[in-house]
Amino acid sequence: MNLFPYTIDEKYSTSVAYFSMEFAIDQALKTYSGGLGFLAGSHMRSANDRRQRTIGVGMLWSYGYYDQGRHEDNTLKIDYRRKFYYFIEDTGVKVEVVIHGKPVTVKAYLLPASTFDTAPVILLTTDCFENDHLARTISHKLYDANEETRIAQEIVLGIGGVRVLQAMGIEIDVYHMNEGHALPMVFELMRRYPDIEELKKRVVFTTHTPEMAGNEEHDAHLLERMGFFNGFSLEEVARKLDYHEKNFSLTVGALKTSKRANAVSKIHEKVANEMWKDVPGKCEIISITNAQNMRYWADKQLLSWMQEHEDYQLVGRKKHLKRILFEEVAHQTGKLFDPDVLTIVWARRFAEYKRPKLLTYDMERFRRLIADTERPVQIIWAGKPYPLDYRAVQMFNDLVTMSREFKNVAVLIGYELRLSKLLKQGSDLWLNTPRWGREASGTSGMSAGVNASIHFSVDDGWHAEFQKDGINSFTIPHADPSLPNEEIDRLDYLTMMQKLEEQIIPLYYDDEKRWLEIAKNGMNDIIAYFSSSRMVEEYYEKLYDYR
């Protein structure tokens, strides 16, 4: 079966299956939650751009991640609505996997490469009439809160994905795990390649985060009972992997069964190697810095004016994009924002370590900032907390409550691809405030920066490789990471506010030429290195074709 509507470039003829729990490909396809999906979606687009023999393998989530609504008081409401898609194709392929001793049917759909100009993506579901209700719920919700359901999802993706590829007659040279979720694939491949060294030649792995939530662990006996090891006994797995812990880490399992792994920035490479340094028999961890697909994210007109040095038109286009964003702000909040006012956006997944509320650390100072009529600012927050991360949900709701006090502060819902693009194209300053060392890469600032939104960030993740402070971006030098979190937050807040009040806001209002120069430098530097065309080329060179 030929799934590629394009001629494969000989440089990229190695056949790759890219397994990911989430893909953010288009607003119409709700198969993602956040950054991991955005990255996977850009990878699929750039694999098409570079004519690579790469196939995506993911899940068709019946209810997606969740739909972000509002209660009557405007606080966050978590909704689940069944999704229907008329642009994916039924392949007619069905395979069986064994979960908890019972057979479960896995059905395969295809997102053709030509639909959204991506690599072809196979999407798996158990929500079909051959299964009972419990089995059908496996593919209902991305990152289901129930531990056994999560493990079942990983079995479907990993073992089901390999079996579907085989049933479709697709020869694969290299299997790529985008995070450890698809790890059961190696226990399916182990049936074909019992020698662990032979197996490793065909598997690579990307680790995306130092956060424990992204490095899943489960009781090894539970995994065995669920069928995670594909019929191998726990003793066999422990012997083959030389891994005897009671809690089985998916990341450790992936590091022990891959020929090579990558972290997603240079800082993350150091952090990951330090984190996993005591794992015997792990593969080498290198860095391939994340990137985004600029064909999708960049406003073509903005890019064109920047490249043609037409500053007047560039400024006019930016104001037009701000107006489009402000229509959404007015629609959601009843607040009318001004395109001539400096607009700061904080938008990404809501998580405590990303510090969404850092700007409001000192509310009196925040009020003064917001009340300044000589040099006014407008601030927008957006993002999705994990529905059961009650602390993150509370942070979101705290900001909603706080924003009622101000006509120039807005908190938006519906942070998916469409809103993300509006925010990136309509903001002047893209704020990023993680605790240093906790942000593996972060990519939202790349797709904002290419739209003339200057990146203002802690010097972590990709920003540390990109930043030339005051030339292409603004940087918040991080506090000593050995200090207690409370002190780190206090110091980072003071550094951030000093730079914002004394440098950034005056520059926006007093020196438009210099502001524009910084924005254009950022656009140029992002296109030069942080486009996912570079990234997918590096994956072939440093991972897939690595011997």
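All residue numbers refer to positions counted from 1 along the written sequence of the respective chain. With pLDDT at 70 or above as the cut-off, local features in this predicted model cover only qualifying residues; side-chain atom pairs require 80 or more to be listed or tallied, and sums for whole chains, interfaces and linings still use all residues. As a convention, hydrogens and water are excluded, and side-chain values are obtained from all of the structure's heavy atoms.

A word on the overall build of the chain
Point 1. A run of H or I in DSSP becomes a helix once it reaches four residues, and a run of E becomes a strand once it reaches two; helices and strands are each numbered from the N terminus. A count of helical and extended segments in the chain gives 21 helices and 19 strands.
Point 2. Its C-alpha radius of gyration of 23 Å places the chain within 12% of the 24 Å reference for a compact globule of 547 residues.
Point 3. Its C-alpha atoms give the chain principal-axis dimensions of roughly 70 × 45 × 45 Å.
Point 4. Counting over 547 residues, the chain shows a buried share of 63%.
Point 5. Throughout, the Shrake-Rupley method with a 1.4 Å probe supplies accessible areas, and for residues the shown protein chains are the sole cover considered. On the chain, roughly 21,100 Å² of surface is accessible, and the fraction owed to carbon and sulfur atoms is 49%.
Point 6. Positive and negative side-chain charges in the chain, numbering 69 and 79 respectively, have mean positions lying 2 Å apart. Restricting the calculation to C-alpha atoms gives the radius of gyration, and the globule rule supplies 2.2 Å times the number of residues raised to the power 0.38. Only protein chains enter the calculation, and the probe is 1.4 Å; a residue is then buried if its accessible area is under 20% of its type maximum, exposed if over 50%, and partly exposed in between. All tallies of charge rest on Lys and Arg as positive and Asp and Glu as negative; His and the ends of each chain are not included. To locate a charge, take atom NZ for lysine, CZ for arginine, CG for aspartate or CD for glutamate.

Things to note about the sheet that holds strand S18 (residues 454–458)
Point 1. At least two bridges found by DSSP between two strands are what make those strands a pair. Pairing within the open sheet is parallel, and its six strands lie in the order S16-S15-S14-S17-S18-S19. Every other strand in the sheet has two partners, leaving strand S16 (409–412) and strand S19 (474–476) as the edge strands with one partner each. When strand polarity is set aside, the average angle formed by the axes of neighbouring strands in this sheet is 20°.
Point 2. Pairing of strand S15 (residues 377–382) with S16 involves four bridges; the strand directions are parallel. The partner of Ile-379 across the bridge, within S16, is Val-409.
Point 3. Any pair of residues with heavy atoms lying within 4.5 Å of one another is described as a contacting pair. Axis definition: a line fit to C-alpha positions, over the contact stretch in the case of helices; interaxial angles, taken between N-to-C directions, run 0 to 180 degrees. Sheet strands in contact with helix H13 (residues 311–333) are strand S14 (342–347), S15 and S16, and its direction is about 80° off that of S16.
Point 4. Seen against the sheet, helix H19 (residues 485–510) touches S14, S15, strand S17 (429–432), S18 and S19 and runs at an angle of roughly 165° to S19.

Description of the environment of Met-185
Point 1. Considering the arrangement of structural elements, one finds Met-185 in helix H5 (residues 184–192).
Point 2. When neighbours within four sequence positions are excluded, Met-185 is seen to be in contact with Phe-19, Gly-158, Ile-159, Val-162, Tyr-175, His-176 and Met-177.

Description of the packing of helix H12 (residues 300–307) against helix H20 (residues 512–529)
Point 1. Two elements in contact, H12 and H20, have axes separated by 11 Å at closest approach and are oriented at 105°. The angle between the axes of H12 and H20 places the two elements in the roughly perpendicular class. Contacts between H12 and H20 involve Leu-302, Leu-303, Met-306 and Gln-307 from the first element and Lys-520, Met-523, Asn-524 and Ile-527 from the second.
Point 2. Under the convention adopted here, Pro, Cys and the residues Ala, Val, Leu, Ile, Met, Phe, Trp and Tyr are nonpolar, Asp, Glu, Lys and Arg are charged, and Gly plus all remaining residues are polar. Among the residues forming the contact of H12 with H20, the class breakdown is five nonpolar, two polar and one charged. For classification purposes, an angle smaller than 35 degrees is called roughly parallel, one larger than 145 roughly antiparallel, one from 65 to 115 roughly perpendicular, and anything else oblique.

Considering the environment of Lys-335
Point 1. Here Lys-335 shows up in the loop between H13 and S14.
Point 2. Along the primary structure Lys-335 and Val-409 are separated by 74 residues, whereas in three dimensions their C-alpha atoms are 8.4 Å apart.
Point 3. Ignoring anything within four residues of it in the chain, the contact list for Lys-335 reads Val-329, Ala-330, Ser-403, Arg-404, Phe-406, Lys-407 and Val-409.
Point 4. Side-chain atoms alone can form a polar contact between residues adjacent in sequence; in general such a contact is a pair of N or O atoms within 3.5 Å, and within protein one must be able to donate a hydrogen while the other accepts it. Separated by 2.6 Å, the side chain of Lys-335 and the backbone oxygen of Ser-403 make a polar contact.
Point 5. Within polar-contact distance, the side chain of Lys-335 engages the backbone oxygen of Val-409 at 2.6 Å.

A closer look at unusual backbone geometry
Point 1. One non-glycine residue with positive phi stands out, namely Arg-51, at about 55°.
Point 2. Within the secondary structure, Arg-51 sits in the loop between helix H1 (35–49) and strand S2 (54–59).
Point 3. Given a relative accessible area of 33%, Arg-51 falls into the partly exposed group.
Point 4. The backbone phi angle of Arg-355 is positive, close to 55°, even though this residue is not glycine.
Point 5. Checked against the element boundaries, Arg-355 lands in the loop between S14 and helix H14 (363–371).
Point 6. Arg-355 sits in the buried class, given a relative accessible area of 4%.

Here's the deal with the sheet that holds strand S12 (residues 260–263)
Point 1. Ordered by their spatial adjacency, nine strands build an open sheet running S5-S6-S7-S2-S1-S8-S9-S12-S13, and the pairing between neighbours is mixed. On the outer flanks of this sheet lie strand S5 (89–99) and strand S13 (285–287), each paired with one strand and no other. Geometrically, the sheet is characterised by an average inter-axis angle of 25° between neighbouring strands, direction not taken into account.
Point 2. Bridging between strand S1 (residues 16–20) and S2 involves four bridges; their strand directions are parallel. Along S2, the bridge assignment pairs Tyr-18 with Gly-56.

Quick notes on the nonpolar core
Point 1. Formed by 165 residues in total, the largest nonpolar core has its most connected members in Phe-19, Ile-122, Phe-187, Phe-228, Phe-248, Trp-381 and Leu-500.
Point 2. Broken down by element, the residue count for this core peaks at nine residues, all from helix H4 (residues 147–167).
Point 3. Leave out the neighbours within four places in its chain, and Phe-228 touches Ile-151, Glu-154, Ile-155, Ile-159, Leu-183, Pro-184, Phe-187, Leu-223, Phe-248 and Leu-250.
Point 4. Listed in part, the 16 residues of the second largest apolar core include Val-329, Ala-410, Leu-419 and Trp-430. The nonpolar core is taken to be a set of buried Ala, Val, Leu, Ile, Met, Phe, Trp, Tyr and Cys residues, with the residues joined through side-chain atoms within 4.5 Å.

A look at the pairing of strand S7 (residues 121–125)
For a regular strand, the rule is simple: side chains alternate between the two faces of the sheet.
Point 1. Counting buried residues in S7 gives five out of five residues, a clear majority hidden from the surface.
Point 2. Inspection of the sheet shows S2 paired to S7 by four bridges, in the parallel sense. Paired with Met-59 across the bridge in S7 is Leu-124.
Point 3. Where strand S6 (residues 102–111) lies against S7, five bridges are found, and the strand directions are antiparallel. In the sheet register, Tyr-109 faces S7, and the bridge partner there is Leu-123.

Looking at the packing of aromatic side chains
Point 1. Working definition: a ring pair exists when centres of Phe, Tyr or Trp rings (six-membered ring for Trp) sit within 6.5 Å. Plane angles under 30 degrees give stacked, over 60 give edge-to-face, the rest tilted. Considering all chains together, one arrives at 32 aromatic pairs under this definition.
Point 2. In this arrangement the basic side chain of Arg-202 is found over the ring face of Tyr-193, its NZ or CZ atom lying 4.0 Å from the centre.
Point 3. Sitting above the plane of the Tyr-546 ring, Arg-260 keeps its charged end 3.8 Å from the centroid. Criterion for a charge above a ring: Lys NZ or Arg CZ within 6 Å of the ring centre, and within 35 degrees of the ring normal.

Comments concerning the side chain of Gln-425
Point 1. Tracing the sequence through the fold places Gln-425 in helix H16 (residues 417–426).
Point 2. Taking the relative accessible area as the measure of exposure, Gln-425 reaches 11% and is therefore buried.
Point 3. In contact with Gln-425, not counting residues within four places along its chain, are Trp-297, Ala-298, Asp-299, Lys-318, Leu-321 and Asn-451.

Interpretation note: all reported values are geometric properties and have no functional meaning in isolation.
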